[in-house]
Amino acid sequence: VGQIGIRCVHCSHVAPENRVNGTDTFPTNLSLVYQSVRNWQRYHFKACPNMPEQVRIDFKAFKRQHSGKDIGQYWIDSCQRKGLYDDLENAAVLFSPSVVAIESKDGSSHAPGIEAAKIADATRNEGVDSPPRAKGVRRRSRKMQQVSTIISEKNEKSMVNGAVAASQSNCGTELQMDPFVGAVGNLPGEDILNGSNDHSTGGSRRSIEDDGKLPTSSNLFGPDMSAQQTADIEATPIPVPNGCSALDPIMRLSPFSPSLLDVLGSSQAQAVAQGPDDIQSHLPPPPLHDGSSLAAAGPAAAFDYTLTSISCPSSQSTTDECKSLLQKINLACGIVEAVRTMDAFPEANDEFANHDLDALQSLGEELYEHFCGFRPFSTANQRDVDITDNNCDTDNDQKEDLRSKRGKVVGSGSYIPLSDMGFPSSLSILIQQLCSINTNFADTPANMPYTSVEDVLEELQLMSNDPDRYLFGGSVGQPQTGTLHFEEGKLYGREEELSDVMNAFRNLKTNERREVLCITGDSGTGKSALAMQMRKPVEDMGGYFMAEKFDELQQVQQVPAVFAALNQFCAEVCRRGGSVLANMRERLYKALGTEGKVLVGLIPNLSNIIEEYRGDATTTTTTTTAVAPELTGQAALMRLLFCSRQLIKTISCPEHPAVLLLDDMQWADELSLQLLEAVTTDDDTKSFLVIACYRDGEVSIDHPLQRRLGAIHRSGTVISEIHVDNIDKESVVRLVSDALRISPSQARLLANLVHSKTSGQPLFVIQFLKSLNDEGLLRFSLSSRQWQWDIDAISGKRVADNVAELMTAKMLRYPVEVLWSLKLAACLGHECDKTMLDLLGPGNSSSSRASTDASTTPSIASNLDVAVADGLIIKSGTSTKAVYRFSHDQIQYAAYSLIAPEEQMALHLQIGRVLFEKASPEDLDSMLFAVLDQFGRGSSLLVDRGEKTRIAQLYLMAAKRSFSNFAHLSASIFALQGILLLDDDHWRTDYKLSLGLYSTSAEAHNICGVFDQVETCANIVFAHAHCFEDKLPVYFSLVQITGMQKDVANATDLGLEVLQKLGLSLPSNPDIDTAIAAIDQTRVMLEEIPTDTLIGRKMTNANALASMKMLQLLCRYTYMARQELMAVLMCRMVQMTIQHGICDESIIAFSHYGYIACNTGQLTLGHKYGKLALSLLEQSKAREILPSVYVNVYAQITPVDPVQASFPQMDIAHNTAMAYGDFEGAHMSGNRGIAIRFFFGDNLSSIEASARKYTREMEKMSEENFSVSTMLFLQAVLNLMDPTCSDPTILMGEVTDQVAVLNRAIERNYIAAGVQVHRLRLYLSFLFRLDLLAGELLESMMETYSTKRIPNIGLVPTTFLTGLVAAMMARKKDPTKWMPIANACRGKIQVWSEASQWNYQHMLRFIEAEIAYSKGHHEEAKVAYDDSIRLAGEHRFIHDQALCLERAALYHEDVSGGSSTLTLKYLSEARDLYIKWGAHRKA
């Protein structure tokens, strides 16, 4: 509270959470105010959205002006004049009125307390003689001396804080001194240094409490003591806690001296005090990273390792020692900041001259003294720190030898590295390189790690902000050990791309949309790593993250990658358990129902969520096992896609968004692509993101993935792309810095060279660094605890063109056994399991060491463990069920490339043979696809007929397995590969195998839409099959594929030919009379047999069952264009049921017969068989026939129950059809649902949403007939809803064109489409009072379609509309022509009204009102109008109620001779109801 900061004045009005970064800053002391302002100018000023443009222009102009040399001091003085001062204890700038500058008479200003500091500065810099400099000690530059005032004040404050920290030490005595006493030079009073070595608390000591003053310190820039005094001080032992041994002087210099006694025992501490010669006798040598003993590295390495251990205590971030060191680091940052503020150094981009080198070296020497308490290269200040001086038995030669190792001579005096005094090596390297710039870099300035004070400040700030990494050289509690550190999942140079990825995820929650995010780029650029960054945020926000990759060598997989990812999701839900599992179980079963069990084969863990999907053996006694009806072919695939969509829709929601990552999609299988399109084009899918990673260089415009993405984009789904390139130099610098645990400045020279060698490809960079480490060009020195590299050797090293070549060279250095194992693993694909490897192991013919005893030869799995240790392969699972996976596909490619091309096919074939021969039946079943993949790659080398036949049988087994997994493209491939292995005489020698392969191929290609291949296989089967029964499956495929090509005539003719061969003779082109005769004959047959007897028998005759399936198939094709033939086919289905018993198709036949009966006026009979169909459907498990039955019963049989109850039933029919892959049934039920909702008054907005959804589905499936009809309804709805529509009676606009529809209907004999146009226009004309147009349309429709049987869905609304228009025309035109038509319609509706007053009573009264009006029966008309208005309102037919109100108003206006109160009342109510209905154009 009370801390002073800097804020952008243009952002002050913005809420804190909405401000741009850098709006506010709080300098920790006055010397950093200027730097804070500069940072604000650099970062916030450019990005500030509230900054006026004129301010930016003015700033550019001011920036070109010269700022002067003392601008930093100017800011300090200005702040002090304003009353600001430093609170060093809390690291803050505060305000106090007592220090506000006072204006003097002479115009100057001063502040209390500041003048004294200035006087002290002057005395320190001018009035006090500096102690004599030792030989070789450099004189400070003048500007360095000017900085001393600021630094000394900070240093004294730091001593106070240090004293407090030291007093809290856990050692037994009250040491009121900085814990850095030896290293920093803040020495205690003379009585401590020169007095007796009394360790008791009563000993003579001078503390802060003695006189309120701190002990005189050695000033950083001007020591108060002479060199001789310093040497005397150093020779005096520093008191240590009771019970502890005195330490060697070099240990007194360590900032971690207090913690040394905690780390080491007393004997070990004594050993340290004795020197390095004895240390290994007291400390056990720790192992090196390569497993060798530390003792082999020699005494120096052992001692260095000990110091490193001491320098990195187990709780670095919490120990007092670390806090004290960090305080000194922060103070050093202030020193460098002060130097930069005084403009003592040039910018980083300026060329260096000799005086620049001197300036940086001078800074290094000042920092050295800041940490050590004495200057480098000073013989007077050496203080005899060599460890050997305490070892009396060491001769002079040994002392000189050790002294030459410990002291690096860079100047005239010996330079003692800070690491030798216990400081972290990173800090030691920084200062040593600064101090040796003139010596090491004078001739090669380009190699200098630090080119400006900015670089030095940046590195110190890194040490301060992240000490565990940049100061102590490792993670918490772990010293630098010489291991390359590559943090898994960390990205470099991907800030913008990562932001785009996270924005895509945030859109899931805010916009609740579905999206496909494509991450493209070359191999090894980090596409997968970028996508994986989303996992944690997704899971933290309660979402679900699923990931899987495709494999180039295993594109035909046991379980497609998408389903493998969903299986992982189910496992994660089970792992979370509790309410998560319970909620997901309830939601999934509600969405999937019994049909969801078909997913268990592909998603086994789904049965762990939904108990009903388990087998009888695992379900509880209270759980009913779900049974999904058997489906084949296209229907089975469509049901799978539907259930998968339902699964995704259930998983993803705004509260729990779902992300599916699919990697290497350039190798995606067809089923996964189909599923991808299905789930991303579903309008009901919300908060779902698919991340598709692929190599764009391998995905051409005609690639299957591109075709699917195009279809997804056309559906309206958002598709975005992030292209990932190689990373830039600065990113490589950060990567190398993190890998070596060194600062970016120290890593830059090596990193720039690595970038030039690898072009910045992330995978290449990592593997290149590893290769340098393997070859010894990049190594970690235990003696110096530093990474070292030979820059010249690396620069001259020949580097592979890509990472694959680099990895190939690395693998060639492996032993032969390991290399061979890698080759075998690469042949098996991206991953393989231990079971497969063991089958290929020692003792099998595929092994290169087959002659070696298996008991002494390492297994392939153990050989791969060597690659696991090097990071080339990732091992997961248990020891007995381990899975080995290449860490990158480029590494797999490198291993595979080691196999000579001419040997690859032979090796694949040999692997396939070994697996086939050695695997148990259970193992062969699980690895069937992997075995066939090996055979397929070596099949051209097969010559033995028997072997080829056995492999062909495996291909047939795999094709049928693929069918069960709905991978029909894979099934077609397996079938063709099996066919290619058959010999010329195979129909004679292997008839069943041949028939199975060709029939399977025809069915698979039928589903995949490869029409030519279906015809080819069909003709071969027809030529060689022994009997008609063997040809029948192929006939079905041929009829289906002909119908799918819209060739209805040929499909019907071929189907009738098949029926004739099955024993049914039917007319190919019946007329109306033939159809009516068939209906009457069927009615008579039904009357002769009791219903119980009819449904009591099951159909078992094979030919009859096949005939029923073919009849049902042909009914679909003849429904729209050949309705007379459809009636004959349906009647024959009922007759066959009477003769042979009930089957599933019989249920559809009864519902169809009920619809036909209603259409011929037999309403009671029609309802009877409609109810029978529903009853049989409820008893049957064949839910796949539900859509056909529901369409007939709820949409085409004249409704008796309240028609509004049919609306949701049609939705059920549509969804069920989609679930079972019955697209035609889905389209029919969707279209019929739209029709009854439109004509019976459902809300227009709701109808529009459903119609748009259905038309999109139909367009995706290229469905034409029902699509045309649905779009006509949609256009009519849009005309009614759009208040700006110029002519709502013309069906031409956004979605359709009535002229084109009518032309197509005439061309293709689509009677229903023509009737639809006339009926909708008739309704709209009457609704908008265009009476004469309505009369013309009715006349045209009766003349054109009077002899045709139209679908019953139009019977009720057509009859109602015809009656209304005819009554109106009888009043306005010719009553003799039109009144009989109106009365006929009234008679039909009266019959229906007797069956259902709810649906038809208001229609009857409306027509009666219009007829009475035309006849002049006014009282009767008034009553009829009122009755119709009331009944329509009570029965919720809002559109008819509004129309009747409007017509009643016109009637009253006509009979009263003008507008009346009643007229206006009726019109006002009608308008309100039209608005409520959604007909704004009519309103």
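This text gives an overview of the structure that appears in the document.

Reading the values: rules and limits
All residue numbers here refer to positions counted from 1 along the written sequence of the relevant chain. Only residues with pLDDT of at least 70 get local features here, since the model is predicted, and only at 80 or more are side-chain atom pairs given and counted; chain-wide, interface and lining totals rely on the full set of residues. Water and hydrogen atoms were dropped before computing side-chain values, which therefore reflect all heavy atoms in the structure. Each helix is a run of DSSP H or I of at least 4 residues and each strand a run of E of at least 2, with the numbering of both proceeding from the N terminus. When a residue's accessible area, from a 1.4 Å probe over protein chains only, is under 20% of the maximum for its type it is buried; when over 50% it is exposed; and in between it is partly exposed. Any two residues having at least one pair of non-hydrogen atoms within 4.5 Å are treated as being in contact. What makes a salt bridge here is a side-chain nitrogen of Lys or Arg within 4 Å of a carboxyl oxygen of Asp or Glu, nothing more. Whether two strands pair comes down to DSSP finding at least two bridges between them. Between the N-to-C directions of two axes lies an angle of 0 to 180 degrees, each axis being a line fitted to C-alpha atoms and, for a helix, fitted only over the stretch in contact. In what follows, roughly perpendicular refers to angles from 65 to 115 degrees, roughly parallel to angles under 35, roughly antiparallel to angles over 145, and oblique to any angle outside these ranges. We call a crossing left-handed when the near helix sits turned anticlockwise from the far one by less than a right angle, and right-handed when that turn is clockwise. Residue classes follow a fixed rule: Ala, Val, Leu, Ile, Met, Phe, Trp, Tyr, Cys and Pro count as nonpolar, while Asp, Glu, Lys and Arg count as charged, and any other residue, Gly among them, counts as polar. Think of it this way: a Phe, Tyr or Trp ring, Trp meaning its six-membered ring, pairs with another when their centres are within 6.5 Å, and the plane angle makes it stacked under 30 degrees, edge-to-face over 60, tilted otherwise. Only lysine NZ and arginine CZ atoms are considered, and such an atom sits over a ring when it is within 6 Å of the ring centre and within 35 degrees of the ring normal. To estimate the expected span of a helix, count its residues, drop one, and scale the result by 1.5 Å. To form a nonpolar core, buried Ala, Val, Leu, Ile, Met, Phe, Trp, Tyr and Cys residues must be joined to one another through side-chain atoms within 4.5 Å.

**Some remarks on the overall build of the protein**
So, step 1. If you tally the helices and strands in the protein, you get 69 helices and 18 strands.
So, step 2. When each of the 1483 residues of the protein is scored for burial, the buried share is 55%.
So, step 3. Taking contacts inside the protein between residues at least 6 apart in sequence as the whole, the part at least 24 apart equals 70%.

**A few points about helix H56 (residues 1186-1196)**
Because an α-helix completes one turn every 3.6 residues, residues spaced three or four positions apart along the sequence face the same direction.
So, step 1. Burial within H56 is extensive, with ten of its eleven residues counted as buried.
So, step 2. Turning to H56, its buried residues are Leu1186, Pro1187, Ser1188, Val1189, Tyr1190, Val1191, Asn1192, Val1193, Ala1195 and Gln1196.
So, step 3. In this structure, the buried residues of H56 make contact with helix H52 (1102-1118), helix H54 (1144-1159), helix H55 (1163-1179), helix H57 (1206-1219) and helix H58 (1223-1239).

**Section: the pattern of salt bridges**
So, step 1. Taken as a whole and judged by the stated rule, the model has 50 salt bridges.
So, step 2. The closest approach of N and O atoms between Asp684 and Lys1253, which form a salt bridge, is 3.2 Å. With Asp684 in the loop between helix H29 (670-680) and strand E12 (688-694) and Lys1253 in helix H59 (residues 1244-1260), this pair connects stretches of sequence that are 569 residues apart.
So, step 3. Judged by its relative accessible area of 22%, Lys1253 is partly exposed.
So, step 4. We note a salt bridge from Lys797 to Glu775, for which the minimum N-O separation is 2.9 Å. Here Lys797 is found in the loop between helix H34 (791-796) and helix H35 (803-811), whereas its partner Glu775 is found in helix H33 (residues 762-775), with 22 residues between them in sequence.

**Regarding the sheet that holds strand E9 (residues 514-521)**
So, step 1. Reading across the sheet, the five strands line up as E10-E11-E12-E9-E13 and stay open at both edges, with parallel pairing between neighbours. Only two strands of the sheet have a single neighbouring strand rather than two, namely strand E10 (544-549) and strand E13 (718-724). For this sheet the average axis-to-axis angle between neighbouring strands, irrespective of direction, equals 15 degrees.

**Overview of the packing of helix H18 (residues 425-435) against helix H20 (residues 453-465)**
So, step 1. It is at 11 Å that the axes of H18 and H20 come closest, and there the two elements cross at 170 degrees. By the angle between their directions, the pair H18 and H20 is classed as roughly antiparallel. Seen from above, H18 lies across H20 with left-handed handedness. Between H18 and H20, the residues in contact are Ser426, Leu427, Leu430 and Leu434 and Val456, Glu459, Leu460 and Met463, respectively.
So, step 2. Residue classes in the contact of H18 with H20 are distributed as six nonpolar, one polar and one charged.

**A word on the sheet that holds strand E18 (residues 883-886)**
So, step 1. Strand order in the open sheet formed by three strands is E16-E18-E17, and the pairing between neighbours is antiparallel. Among the strands making up the open sheet, the edge pair consists of strand E16 (831-833) and strand E17 (873-876). Averaged over all neighbouring strand pairs, the angle between strand axes comes to 20 degrees, with direction disregarded.
So, step 2. Looking at chain direction, E17 and E18 are connected through four bridges and run antiparallel.

**Structural notes on the pairing of strand E11 (residues 658-663)**
So, step 1. With six of six residues buried, E11 is to be regarded as a mostly interior element.
So, step 2. Residues Ala658, Leu660 and Leu662 of E11 are buried on one face, and the alternating residues Val659, Leu661 and Asp663, pointing to the opposite face, are buried as well.
So, step 3. As paired elements, E10 and E11 share six bridges and run parallel to each other. Looking at E11, one finds that Phe545 is bridged to Val659.
So, step 4. Relative to E12, E11 runs parallel, the two sharing five bridges.

**Looking at the packing of aromatic side chains**
So, step 1. Across all of its chains, the model carries 25 aromatic pairs by this definition.
So, step 2. These aromatic residues form a ring-pair network of at least three members: Phe1360, Phe1406, Tyr1413, Tyr1425 and Tyr1451.
So, step 3. Lying over the aromatic face of Phe1326, Arg1447 brings its terminal NZ or CZ to 4.0 Å of the ring centre.
So, step 4. Stacked on the ring of Phe1328, the Lys or Arg Lys1482 has its end atom at 5.5 Å from the ring centre.

**Thoughts on helix H62 (residues 1311-1327)**
So, step 1. Between its first and last C-alpha atoms H62 spans 25 Å; for 17 residues at 1.5 Å apiece the expected length is 24 Å, and the two agree.
So, step 2. Burial analysis of H62 places 17 of its 17 residues in the buried class, which makes it a mostly covered element.
So, step 3. Phi for Arg1329, located one or two positions after H62, is positive at around 65 degrees.

**Brief notes about the nonpolar core**
So, step 1. One finds Met811, Leu822, Phe1150 and Phe1238 to be the most contacted residues of the largest nonpolar core, which totals 262 residues.
So, step 2. Beyond its immediate chain neighbours, meaning those up to four positions away, Leu822 contacts Met811, Tyr814, Leu864, Ala867, Ile873, Phe886 and Ala895.

**Remarks on the packing of H55 against H56**
So, step 1. As a packed pair, H55 and H56 sit with axes 10 Å apart at the nearest point and diverge in direction by 155 degrees. Classified by the interaxial angle, the pair formed by H55 and H56 is roughly antiparallel. Crossing handedness for the pair H55 and H56: left-handed. In this structure, H55 uses Gly1170, Ala1173, Leu1174 and Leu1177 to contact H56, whose residues at the interface are Leu1186, Val1189, Tyr1190, Val1193 and Tyr1194.
So, step 2. Residue composition of the contact of H55 with H56, grouped by class: eight nonpolar, one polar and no charged.

**Concerning the environment of Val1365**
So, step 1. Relative to the helices and strands, Val1365 resides in helix H64 (residues 1355-1372).
So, step 2. Judged by its relative accessible area of 0%, Val1365 is buried.
So, step 3. Taking C-alpha positions, Val1365 is 9.2 Å from Tyr1323, a pair spaced 42 residues apart along the chain.
So, step 4. Beyond its immediate chain neighbours, meaning those up to four positions away, Val1365 contacts Leu1322, Phe1326, Ala1334, Gly1335 and Leu1338.

**As for the side chain of Ser1428**
So, step 1. Secondary-structure assignment places Ser1428 in helix H67 (residues 1418-1434).
So, step 2. When sequence neighbours within four positions are dropped, the list of residues in contact with Ser1428 reads His1402, Arg1405, Phe1406 and Cys1444.

Keep in mind these values describe shape, not function.
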